[in-house]
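# An overview of the molecular structure
Listed below, chain by chain, are the residues.
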Amino acid sequence: MADRNDIEQAAERVISLEAELESAGNATTGGADLAFIRSALHQWVDSVVGAVASPGVGRVTLIHANGNQTKIASPELPYLLTRPVSFD
C-alpha cells in the first residue's frame, strides 16, 4: 500500500488540476468518510451486470442493471479484468 503522504499528495494533485478547470473536488483519504465512500463504491459495483474491457484503448465500460453505462479510463484496469489466454 502507498505511504499516507503519497496518498495525500496524489489527492492534492487531483484537487489542484480540477481547480485549474474551475471545478471543485473533495479529497478523502481515511476515516469514516473513506469507509462511507468504499461502501458506496461496493454497492455501485454490485449493480454491474456486464463489462467490456478494452486494453488497447485503456478503457473499461461497465453496464449497470438499470441500463446505464460507466466508462472508466485506466491504463491498468482493463488488464486486471481480462483473463489470461490459455494455449492448452
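Whatever comes next refers back to the structure up there.
The text that follows walks through the structure, step by step, so that each part is easy to find. (Residues numbered from 1 in each chain as written. Predicted model: local features only at pLDDT ≥ 70, side-chain atom pairs only at ≥ 80, totals over all residues. Heavy atoms only, no water.)

This next bit is on a nonpolar patch on the surface. Among the surface-exposed residues, Phe-36, Ile-37, Leu-41, Trp-44 and Val-45 lie close enough to one another that they form a single nonpolar patch of about 470 Å² accessible area. Val-45 sits in the partly exposed class, given a relative accessible area of 45%. (Patch = residues over 30% accessible without salt bridge, like charges linked within 9 Å, V, L, I, M, F, W, Y side chains within 5 Å. Areas by Shrake-Rupley, 256 points an atom, 1.4 Å probe, with all protein chains shown as cover. Salt bridge = Lys/Arg side-chain N within 4 Å of Asp/Glu carboxyl O. Buried < 20%, exposed > 50% of the residue type's maximum accessible area, 1.4 Å probe, protein only.)

Below, the discussion takes up the pairing of strand E2 (residues 59-64). Where strand E1 (residues 48-54) and E2 come together, 6 bridges link them in antiparallel fashion. When the bridges of E2 are listed, Ala-51 appears paired with Leu-62. In this structure, the hairpin formed by E2 and strand E3 (residues 69-73) is closed by a connection of 4 residues, where Gly-67 is found at a positive phi of approximately 95°. (Pairing = 2+ DSSP bridges. Helix = DSSP H or I, 4+ residues; strand = E, 2+ residues; numbered from the N terminus.)

Once that is clear, we can look at helix H2 (residues 31-46). For H2, built from 16 residues, the straight-helix expectation of 22 Å at 1.5 Å per residue is met to within 8% by its first-to-last C-alpha distance of 23 Å. Taking burial as the measure, the 16 residues of H2 include 0 buried ones, a minor fraction of the element. (Expected span 1.5 Å × (residues − 1).)

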